[in-house]
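So the chains spell out like this:
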Amino acid sequence: MGAGFLIQPNGMRMLRSLGLAAGVENAGAVVRRWQFCNEQGDVLSETDLEALWGDAGPCVGIERPELQRALLPGVADLRCRLGTSLISLEQNDRRVLVGFSDGSTGDYDLVVGADGIRSTVRALTLTTAAPSDLGAMNWRSIAPIHPAGLSALQIHLGEYCLFGLVPMGAGRTYGFAYALEQRFHDPLEGRLQRVRNRFASFGERVQQYLASLERDHQVICSAMEWMACEKWYSGRVVLVGDAAHASSPMMGQGGCMAMEDACVLAEEMSGAATVESALASYVSRRAPRVKWVQHQSMKLAENLTAGPSAVRNAALREHGNEAMRARFGPLVPAP
Ligand SMILES: Cc1cc2nc3c(=O)[nH]c(=O)nc-3n(C[C@H](O)[C@H](O)[C@H](O)COP(=O)(O)OP(=O)(O)OC[C@H]3O[C@@H](n4cnc5c(N)ncnc54)[C@H](O)[C@@H]3O)c2cc1C
């Protein structure tokens, strides 16, 4: 709950088609520029997001609880059961029988597994393979300030690590730190001080951000993982979002891809003659775009954190904006 989220214009386009974009935009802050900076905070490259995305929509920084609140009107007419997990699945060619953790069962025409990177639906239907480690750790938090009047998304780049700052609504900022390190458990006690020490060589803006945090539990820490699943459906059970294709978060596109998946699946379901043909069309429309994001996110993580910083910084000064446009350009047309 204590982290932020960037909904890029392709995600906002999906929310607009569902009548939910205005509420999300009001609860967050529009981000107009994306900057890469050196460790001290000097700008190396800048991308104008409105010029890049055209009329796809705004790019919005929003706190996760605010996003959830702004999306709730979209499910007002649906029956939602909280605190209940899917635990079993059995299907024949007409129906899927589902068992839930509260002992109840249900049978359905179609089951959509939107249950995240550790998807139970995937494990019960398609593969029990586990997500892979990216060999990186991240620390995320929300601070009650805009350090030094921050108005753009900034990614400050150090040696084998980075610190991102995204302006949110209500004068708050989302900070995410990323470091190439093997998975470890970072206990809650003393976590804030360890993050301050770990990023002490970064410039004034990052220091102001870290100084404005007060408690260990404001900092969420996790190991980074990804998941690529060969098949996304079997019979009448289909996966969307991270369940099918969790990505490195470097492009900030995982949630946007999940939104696009859901909307494309709905479109295909409403137009197709059979469930099988709808699911086949859904996968053929989605897989190339999702693969692009997974591949580009991985490459970006490597470019930003793996090599010598002098070479990387020079490349960003020279080609940073062009590279951003090439990376995100294929996502500008609707899916
Ligand atoms: C550090 C980091 C930063 C990121 N930043 C961004 C960003 O800025 N922008 C962006 O677009 N993406 C971002 N992402 C990616 C984004 O968070 C995910 O891609 C997105 O949340 C995927 O949505 P989802 O609905 O597929 O899965 P999830 O958000 O994981 O939701 C899955 C849901 O299923 C529920 N569930 C799990 N198992 C069961 C079960 N058996 N029965 C019932 N329910 C179940 C869970 O409780 C959960 O509510 C980031 C990811 C990380 C790790």
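A. Structural context of the pattern of salt bridges. Counted according to the given criterion, the structure contains 19 salt bridges. Residue Arg-118 is joined to Glu-225 by a salt bridge in which the shortest nitrogen-to-oxygen separation is 2.5 Å. Of the two residues, Arg-118 is situated in the loop between β9 (111-113) and α5 (120-125) and Glu-225 in strand β14 (residues 220-226); the sequence distance between them amounts to 107 residues. Here Glu-225 falls in the buried class, since its relative accessible area comes to 15%. Between Asp-261 and Arg-286 there is a salt bridge; the shortest N-O distance is 2.6 Å. You can see Asp-261 sitting in helix α9 (residues 254-271) and its partner Arg-286 sitting in helix α10 (residues 275-305), a full 25 residues away along the chain. Among the charged side chains, a salt-bridge network with shared partners connects Arg-118, Asp-133, Arg-183 and Glu-225.

B. Region of the structure containing the packing of α10 against helix α11 (residues 309-328). Close contact between α10 and α11 brings their axes to 12 Å; oriented N to C, the two are set at 170 degrees. Considering their axes alone, α10 and α11 lie roughly antiparallel with respect to each other. Residues Trp-292, Gln-296, Leu-300, Asn-303 and Leu-304 of α10 touch α11, and the partners they reach there are Arg-312, Leu-316, Ala-326 and Arg-327. Partitioning the contact of α10 with α11 into residue classes produces 5 nonpolar, 2 polar and 2 charged.

C. Layout of the site of the ligand. Close contacts around the ligand come from 22 residues, with Leu-6, Leu-86, Asp-242, Gly-254 and Gly-255 the closest. In this structure, an oxygen atom belonging to the ligand sits 2.9 Å away from a main-chain N or O atom of Gly-255. Contact with the protein chains hides 65% of the accessible area of the ligand, taken as 1000 Å² for the molecule alone. For the shell around the ligand, the elements supplying multiple residues, two or more each, are β1 (4-7), β10 (132-143) and α9. In terms of residue class, the shell around the ligand is made up of 8 nonpolar, 10 polar and 4 charged.

D. A look at the state of the cysteines. Per the counting criterion, the structure on display carries 0 disulfides. Left unpaired, Cys-256 is separated from the closest cysteine sulfur, that of Cys-59, by 7.9 Å. For Cys-256, a relative accessible area of 1% corresponds to the buried category. You can see Cys-263 has no disulfide; the closest cysteine sulfur is in Cys-256, sitting 11 Å from it. What makes Cys-263 buried here is its relative accessible area of 13%.

E. Inspection of the sheet that holds strand β5 (residues 60-63) at higher detail. The sheet built from 3 strands is open, its strands ordered β1-β5-β2 with antiparallel pairing. Each edge of the open sheet is held by one strand with a lone partner, namely β1 and β2 (29-30).

F. Broad picture of the side chain of Asn-138. Examined against the element boundaries, Asn-138 turns out to sit in strand β10. Judged by relative accessible area, which is 7%, Asn-138 ranks as buried. A distance of 3.1 Å separates a polar atom in the side chain of Asn-138 from a polar atom in the side chain of Arg-140. Contact partners of Asn-138, with chain neighbours within four places excluded, come to Ala-177, Tyr-178, Ile-220, Cys-221, Ser-222 and Met-224.

G. Structural view of the packing of aromatic side chains. The final tally for this structure, using the stated rule, is 10 aromatic pairs. Taking the centre distance of 5.5 Å and the plane angle of 65 degrees together, the rings of Phe-199 and Phe-202 count as edge-to-face. Of the two residues examined, Phe-199 and Phe-202, each falls in the buried class. One aromatic cluster is present, built from ring pairs that chain together Trp-139, Phe-163, Phe-184, Phe-199, Phe-202 and Tyr-209. Over the face of the ring belonging to Phe-100 we find Arg-81, whose NZ or CZ atom lies 4.7 Å from the ring centre. The ring of Tyr-233 carries Lys-231 above its face, with NZ or CZ at 5.9 Å from the centroid.

Rules used in this analysis
Here, residues in each chain are numbered from 1, in the same order as that chain's written sequence. Reporting of local features is limited, given that this is a predicted model, to residues whose pLDDT is at least 70; pairs of side-chain atoms are given and counted only at 80 or more, and all residues count toward the totals for whole chains, interfaces and linings. Hydrogen atoms and water are omitted, and side-chain values are computed over all heavy atoms in the structure. When a carboxyl oxygen of Asp or Glu lies within 4 Å of a side-chain nitrogen of Lys or Arg, that pair is called a salt bridge. Helix numbering and strand numbering both begin at the N terminus, where a helix is a DSSP run of H or I of at least 4 residues and a strand a DSSP run of E of at least 2. Exposure classes here rest on a 1.4 Å probe applied to the protein chains alone. A residue is buried below 20% of its type maximum, exposed above 50%, and partly exposed in between. Axis definition: a line fitted to C-alpha atoms, over the contacting stretch in the case of helices. Angles run 0 to 180 degrees between N-to-C directions. The cut-offs work like this: below 35 degrees is roughly parallel, past 145 is roughly antiparallel, 65 to 115 is roughly perpendicular, and the gaps in between are oblique. Note on definitions: a residue-residue contact is assigned when non-hydrogen atoms from the two residues lie within 4.5 Å. Gly falls in the polar group here, along with every residue not listed as nonpolar (Ala, Val, Leu, Ile, Met, Phe, Trp, Tyr, Cys, Pro) or charged (Asp, Glu, Lys, Arg). If even one non-hydrogen atom of a residue comes within 4 Å of a molecule or strand, that residue is called near it. In the analysis that follows, any N or O atom pair within 3.5 Å is treated as a polar contact, provided that within protein one partner can donate a hydrogen and the other can accept it, and provided that, for residues neighboring in sequence, both atoms belong to side chains. Under the convention used here, a 1.4 Å probe and the Shrake-Rupley method define accessible areas, while residue burial counts only the protein chains that appear. Any two cysteine sulfur atoms lying within 2.5 Å of each other are counted as a disulfide. Pairing between two strands is assigned when DSSP locates at least 2 bridges connecting them. Pairing of aromatic rings covers Phe, Tyr and Trp, the last counted by its six-membered ring, and requires centre-to-centre distances within 6.5 Å; plane angles under 30 degrees mean stacked, over 60 mean edge-to-face, and any other angle means tilted. Ring-over charges, as used throughout, are those where CZ of Arg or NZ of Lys falls within 6 Å of the ring centre and within 35 degrees of the ring normal.

Nothing here speaks to function; it is geometry throughout.
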